[in-house]
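Here's the letter readout for the chains.
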Amino acid sequence: MILDRLDVHNVRIVRRAELRLSPNSNLIVGANGAGKTTLLEAIHLLVRGRSFRSGGLDSLITFGEDELLATAAGRHEGHALKIGLRKLRNAKVRMRMNETDVRQISQIASAIPLQIFLPDVSDLVFGPPAGRRLWLDWAVFHADPGYMHELRSFQRALRQRNAALKSRSPDLNSWTVQLAEHADTVTKTREKIFAEIRSSFRQQLSEIAPNIRINLDYVRGWQGQSLLEGLAKDHVLELKYGMTRLGPHRSEVRIRTLDTETGQDVGASARSLSRGQAKAVACAMKLAQVRYLNSRSIPSVVLIDDVASEFDEEYGRRFFEALLRTGSQVVATTTQESDIITMWRDISPIVPLIVRMNKGRLAEA
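Residues numbered from 1 in each chain as written. Predicted model: local features only at pLDDT ≥ 70, side-chain atom pairs only at ≥ 80, totals over all residues. Heavy atoms only, no water.

Some remarks on the side chain of Thr244
- The residue Thr244 is located in the loop between α8 (235-241) and β10 (252-258) in this model.
- On the basis of relative accessible area, Thr244 is assigned to the buried category, the value being 1%.
- At 2.9 Å, the side chain of Thr244 and the side chain of Arg161 are in polar contact.
- Residues contacting Thr244, with those up to four places away along its chain left out, are Leu158, Arg161, Asn162, Leu165, Leu179, Leu231, Glu238 and His249. (Helix = DSSP H or I, 4+ residues; strand = E, 2+ residues; numbered from the N terminus. Buried < 20%, exposed > 50% of the residue type's maximum accessible area, 1.4 Å probe, protein only. Polar contact = N/O pair within 3.5 Å; in protein donor to acceptor, adjacent residues only side chain to side chain. Contact = heavy atoms within 4.5 Å.)

Focus: the layout of surface pockets
- Of the volumes computed, that of the largest pocket is approximately 1,200 Å³.
- When residues of the lining of the largest pocket are traced back to their parent elements, those giving at least two are α1 (36-48), α2 (106-109), β8 (114-117), α3 (123-126), α4 (129-143), α5 (147-167) and α10 (275-295).
- Within the lining of the largest pocket, the residues separate by chemical class into 21 nonpolar, 10 polar and nine charged. (1 Å grid on protein atoms, 1.4 Å probe; cavity = no way out; pocket = protein on both sides within 12 Å on 5 of 7 lines; lining within 4 Å. Points joined across faces, edges and corners; volume = space filled by probe spheres on them. Nonpolar A, V, L, I, M, F, W, Y, C, P; charged D, E, K, R; others polar.)

Topic: the sheet that holds β10
- Strand order in the open sheet formed by three strands is β9-β10-β11, and the pairing between neighbours is antiparallel. Taken across any chain shown, the strands that pair with only one partner, and hence form the sheet edges, are β9 (213-219) and β11 (265-268). Each strand axis lies, on average, 35 degrees off the axis of its neighbour in the sheet, ignoring direction.
- Sheet analysis places β9 next to β10, joined by seven bridges and oriented antiparallel. Its bridge partner being in β10, Arg213 is matched across the sheet by Leu258.
- Running at roughly 175 degrees to β9, helix α6 (residues 172-208) makes contact with β9 and β10 of the sheet. (Pairing = 2+ DSSP bridges. Axes fitted to C-alpha atoms, helices over the stretch in contact; angles between N-to-C directions.)

Topic: empty space enclosed by the protein
- Enumeration according to the criterion identifies one cavity of 30 Å³ or more in this entry.
- Of the volumes computed, that of the largest cavity is approximately 70 Å³.
- What lines the largest cavity is a set of 12 residues, among which Phe117, Leu118, Lys279, Ile304 and Asp306 lie closest to the centre.

Concerning unusual backbone geometry
- With a phi close to 60 degrees, Asn90 is a non-glycine residue in the positive phi region.
- Along the chain, Asn90 turns up in the loop between β5 (79-88) and β6 (93-97).
- The exposed category is assigned to Asn90, whose relative accessible area is 72%.
- Phi is positive for Asn98, close to 50 degrees, though the residue is something other than glycine.
- Here Asn98 shows up in the loop between β6 and β7 (100-102).
- Overall, the relative accessible area of 38% leaves Asn98 in the partly exposed class.

Looking at the packing of α4 against α6
- Interaxial distance between α4 and α6 falls to 10 Å at its minimum, and their mutual angle equals 95 degrees. Between α4 and α6, the angle falls in the class roughly perpendicular. Two secondary-structure elements touch here, α4 through Arg133, Trp135, Leu136, Asp137, Ala139, Val140 and Ala143 and α6 through Thr189, Arg190, Ile193, Phe194 and Ile197.
- Looking at the contact of α4 with α6 residue by residue, the classes come out as eight nonpolar, one polar and three charged. (Parallel < 35°, antiparallel > 145°, perpendicular 65-115°, else oblique.)

What about a nonpolar patch on the surface?
- Together, Leu237, Tyr241 and Met243 give the surface a local cluster of nonpolar side chains, amounting to about 260 Å² of exposed area.
- Here Tyr241 lies in helix α8.
- Judged by relative accessible area, which is 47%, Tyr241 ranks as partly exposed. (Patch = residues over 30% accessible without salt bridge, like charges linked within 9 Å, V, L, I, M, F, W, Y side chains within 5 Å. Areas by Shrake-Rupley, 256 points an atom, 1.4 Å probe, with all protein chains shown as cover. Salt bridge = Lys/Arg side-chain N within 4 Å of Asp/Glu carboxyl O.)

Concerning the packing of aromatic side chains
- All chains considered together, the criterion is met by three aromatic pairs.
- With a centroid separation of 5.4 Å and 65 degrees between ring planes, the pair formed by Phe117 and Phe319 is classed as edge-to-face. Pair noted here: Phe117 is in strand β8 and Phe319 is in helix α11 (residues 313-325), with a separation of 202 residues, a long-range link.
- Taking relative accessible area as the criterion, Phe117 reaches 3% and is therefore assigned buried.
- Using a relative accessible area of 2% as the deciding quantity, one classes Phe319 as buried.
- Ring centres of Phe319 and Phe320 lie 5.1 Å apart, and the angle between their planes is 65 degrees; on these two criteria the pair is classed as edge-to-face. Take Phe319 and Phe320: they sit in the same class, and that class is buried. (Phe/Tyr/Trp six-rings, centres within 6.5 Å; stacked < 30°, edge-to-face > 60°.)

With respect to the sheet that holds β5
- As summarised here, the arrangement of the six strands in space is β2-β1-β4-β5-β6-β7, forming an open sheet in which the pairing is antiparallel. Edge strands, defined here as strands with exactly one partner in the open sheet, are β2 (14-20) and β7. Neighbour to neighbour, the strand axes of the sheet diverge by 20 degrees on average, direction disregarded.
- As judged from the six bridges shared by strand β1 (residues 2-11) and β2, these two strands associate in the antiparallel manner. Bridging from a neighbouring strand, Asp7 pairs with Glu18 of β2.
- With respect to the sheet, α1 is in contact with β1, β2, β4 (67-76) and β5, its orientation differing from that of β1 by roughly 105 degrees.

Everything listed here is a matter of coordinates, which is why it stays silent on function.
Here you go:
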């Protein structure tokens, strides 16, 4: 989906903002605390049903107001599409798509592959495995329509099996068989998509940071071919801890640094890269997903908060060149108006739409 219009009412500092968006590049400019990030947050809220910042949805409602409302209109597969989200204090969220209530946010998320770059993007490298599993699952979800159902079936079997382990239930064997079946499907789908994304990642990293060499591997979460055999061998410890210790929920996207000259493995990237280098790697990982989906005619919407954060001029220019080559719709925030806009104009013939924010109010330039 390409977003044409965004309307935000009573979200944090922004009481009312109605803006049209370019299908190419959009820069939201303003001082710290002006409400720039809130506009990105509103888009994220519409697509994912939650904020990318901490706190419940009630905390997003403007102080003194009783409800928030966000809507967006655009085009999806050649057809008009409108989405909306309304939240009253102490009440459930109501989501709509083309005037119809939506019960599962995945219905909206599948129509809008939303890729987000925050200042802490390097946590994809430095953080725990769960973040990298989510990174992979994001792409698999958009590439394979049946994946989410299979993943949810696995997660349900996992919860039931853990409960059976804790209670020593006679249903344990039944849940073990179901778990292994769903785990096999989830893992094979992940491995297939991962192999395709990894090729794209190598290309993106060479464009953004040619001085860094990285090896990405997907580790499935158990050793050997059969999960059933692994679970049988681990059964004593499972009973001791009351939990399933093997499976896709323990998988990992392993990131390791290679020597630029010899290609030898020099260790986990979380220990060998600087924060700036890790940001370049993480950005290459995310752009690899965008590029992969583009190859399947699935366009992404890219949100970037504080575009200049932690990137030196060289990495920054290369990142934006790689980003703009994807042809994605970009909505980015910045406080460094002149430098960023000058660089953007140097690398792209398409001038970004510039929107300025000041104390929660919006005015197009």
